[in-house]
Amino acid sequence: MTQETTFSYPPTEHEREKASNSYLMSLVAVIAGLPLPIINLLATLFFYVGNRKSTYFVRWHCTQALLSQIVLLFANSYSFWWTVSIIFTDEKATNYYFGYLFTVIAFNILEIISTIYCAVQTRKGKHVEVFFFGNMTNLICRS
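This write-up is about the structure you can find in this document.

The rules we used
- Residues numbered from 1 in each chain as written.
- Predicted model: local features only at pLDDT ≥ 70, side-chain atom pairs only at ≥ 80, totals over all residues.
- Heavy atoms only, no water.
- Helix = DSSP H or I, 4+ residues; strand = E, 2+ residues; numbered from the N terminus.
- Buried < 20%, exposed > 50% of the residue type's maximum accessible area, 1.4 Å probe, protein only.
- Areas by Shrake-Rupley, 256 points an atom, 1.4 Å probe, with all protein chains shown as cover.
- Lys, Arg positive; Asp, Glu negative; His and termini not counted.
- Charge placed at Lys NZ, Arg CZ, Asp CG, Glu CD.
- Axes fitted to C-alpha atoms, helices over the stretch in contact; angles between N-to-C directions.
- Parallel < 35°, antiparallel > 145°, perpendicular 65-115°, else oblique.
- Left-handed = near helix turned anticlockwise from the far one by under 90°.
- Contact = heavy atoms within 4.5 Å.
- Nonpolar A, V, L, I, M, F, W, Y, C, P; charged D, E, K, R; others polar.
- Salt bridge = Lys/Arg side-chain N within 4 Å of Asp/Glu carboxyl O.
- Patch = residues over 30% accessible without salt bridge, like charges linked within 9 Å, V, L, I, M, F, W, Y side chains within 5 Å.

### Details of the overall build of the chain
Summing up its helical and strand segments, the chain has five helices and two strands in all. Here the chain, with 143 residues, has 40% of them falling under the buried criterion. Counting only carbon and sulfur atoms, one obtains 70% of the accessible surface of the chain, whose full area is about 8400 Å². Each charge sign in the chain was given a centre, from 10 positive and 8 negative side chains, and these centres are 9 Å apart.

Set out below in structure tokens:
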């Protein structure tokens, strides 16, 4: 799921704190705007924009946090609007709906666990790459 690697330089205390906060931003947003899937993305996006010219360590982790929130946005939005259509229209809740809802909930729980893990490890100065998002971040971020 995650892979810890050594970084090209030892990050300073300030860098470790900012990089860790990039992950925590999405968790704080979950508490503030749980039913609306866009809130998490916006909070992470604003933090990314504020730190995009920061050091490589901070920028890399802000980018990884943002990419994971973008993917979650699509999954959560679809389940949100599907639920709204079931509540306010004649559409019925099918096994497909419950299967998708279960998958999205499991994916969100996995995302929360990996976000907390990344925040803790990054705060310790360790470079953590999450499966799939780490590779995408490596393609996007250049030192």
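### Re the packing of helix α2 (residues 38-51) against helix α3 (residues 56-88)
Contact geometry for α2 and α3: axes closest at 9 Å, N-to-C directions at 160°. Put simply, α2 runs roughly antiparallel to α3. Here α2 runs over α3; the crossing is left-handed. Along the contact surface, α2 presents Ile-38, Asn-40, Leu-41, Thr-44, Leu-45, Phe-47, Tyr-48 and Asn-51, while α3 presents Val-58, Arg-59, Cys-62, Thr-63, Ala-65, Leu-66, Gln-69, Ile-70 and Leu-73. Here the contact of α2 with α3 is built from residues that sort into 11 nonpolar, five polar and one charged.

### Focus on the pattern of salt bridges
Enumeration over the complete set of coordinates arrives at two salt bridges. Taking the shortest distance from any N to any O, the salt bridge between Glu-13 and Arg-16 comes out at 2.3 Å. Of the two residues, Glu-13 and Arg-16 both sit in helix α1 (residues 13-32), three residues apart, roughly one turn of that helix. In this structure, Arg-123 and Glu-13 form a salt bridge, with 2.5 Å as the shortest nitrogen-oxygen distance. Highlighted residues: Arg-123 in helix α4 (residues 95-123) and Glu-13 in helix α1, separated in sequence by 110 residues. Salt bridges sharing partners connect three or more residues here, namely Glu-13, Arg-16 and Arg-123.

### Here's the deal with the packing of α3 against α4
A pair of packed helices can be characterised by two numbers: the angle between their axes and the separation between those axes. Remark: α3 packs on α4, axes separated minimally by 10 Å, with the N-to-C direction vectors making an angle of 160°. Classified by the interaxial angle, the pair formed by α3 and α4 is roughly antiparallel. Note that α3 runs across α4; the crossing there is left-handed. Across the contact of α3 with α4, the residue classes tally to 15 nonpolar, nine polar and one charged.

### Comments concerning a nonpolar patch on the surface
Judged by side-chain polarity, Ile-38, Leu-42, Leu-45, Phe-46 and Val-49 come together as a nonpolar surface patch covering roughly 410 Å² of accessible area. Secondary-structure assignment places Val-49 in helix α2. Overall, the relative accessible area of 40% leaves Val-49 in the partly exposed class.

### A closer look at unusual backbone geometry
You will see that Phe-132, though not glycine, has its phi angle at about 75°, which is positive. With relative accessibility at 44%, the residue Phe-132 sits in the partly exposed group.

### Observations concerning the environment of Phe-133
For Phe-133, the location among the structural elements is in helix α5 (residues 133-140). Sequence spacing of Phe-133 and Thr-89 is 44 residues, and the spatial spacing of their C-alpha atoms is 37 Å. Residue contacts for Phe-133: discarding those within four places in its chain leaves Gln-64, Leu-67, Ser-68, Val-71 and Glu-111.

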